[in-house]
Amino acid sequence: MSLKSFDKFCEDLILTEPGSEKIIYDERQKIVQMKIGIETLIIFGAAAVLNCFIMDMFYQYAESYTMPIVMIMLFCAFYHNFRCAAKDCLIGINGVRVMRNSSYSCIFLGVIWTTVYVLNEKKDGFPIVNGRISDDLFFMIGAVTAVIYGITMLLLVRHIEKKKNKEAE
């Protein structure tokens, strides 16, 4: 039995279990994903600390500390997924369905958040309050970013699927 057929046998054995929704990665993908994850966490931590330092020592440009950190988190999620897609470790053997579902949920949440914001009657001082960026503006940017994130993830999944289908042929 060749190594490729053994891998296929193991994949079929794992995936035929009822209710198996885990994403399965090979060892190379696990290692690369862990390195990119650590890199992303370092970037997030450094950006969050820099944000808090700037808001404490120089100028508090936002109403709260939380919303800029949430925006940093969203941009780090973009960074992580694009780097994983570039290194071919975003989707494992069976991760297409799970990634699609998470992309749809991001789009759904972004649309719901945008709808809630638009229907909200209280918009005092939008987008600047006392010389600071309002939380409402950050919330709106976050909602739009979540929709863009979901759409780009769907496009990445589609691109990776096409690439795998071409390799299979």
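Scroll up to find the structure this text is about.
Calculation rules
Residues numbered from 1 in each chain as written. Predicted model: local features only at pLDDT ≥ 70, side-chain atom pairs only at ≥ 80, totals over all residues. Heavy atoms only, no water. Core = buried A, V, L, I, M, F, W, Y, C linked by side-chain atoms within 4.5 Å. Buried < 20%, exposed > 50% of the residue type's maximum accessible area, 1.4 Å probe, protein only. Helix = DSSP H or I, 4+ residues; strand = E, 2+ residues; numbered from the N terminus. Contact = heavy atoms within 4.5 Å. Phe/Tyr/Trp six-rings, centres within 6.5 Å; stacked < 30°, edge-to-face > 60°.

**Examining the nonpolar core**
Ranked by size, the top nonpolar core spans 15 residues in total, and within it Leu90, Ile91, Met99 and Met153 carry the most contacts. Only helix 2 (27-57), helix 3 (66-86), helix 4 (96-119) and helix 5 (135-168) provide two or more residues apiece to this core. Ignoring anything within four residues of it in the chain, the contact list for methionine 99 reads Leu90, Ile91, Met153 and Val157. Listed in part, the 6 residues of the second largest apolar core include Met67, Met71, Leu74 and Phe138.

**Re the packing of aromatic side chains**
A complete count under the given rule lists 4 aromatic pairs for this structure. A centroid spacing of 6.2 Å and a plane angle of 10° characterise the contact between phenylalanine 78 and phenylalanine 82, whose relative ring orientation is stacked. Remark: phenylalanine 82 and phenylalanine 78 occur in helix 3; sequence separation between them is 4 residues, near one turn of the helix. Judged by relative accessible area, phenylalanine 78 falls into the buried class, the value being 13%. Consider the rings of phenylalanine 78 and tyrosine 149, whose centres lie 5.3 Å apart with planes at 90°: the pair is edge-to-face. With phenylalanine 78 in helix 3 and tyrosine 149 in helix 5, this residue pair connects regions lying 71 residues apart in the sequence. Each residue in the set Phe78, Phe82 and Tyr149 is aromatic and connected to the rest through ring pairs, giving one cluster.

Shape is all these values report; function is a separate question.
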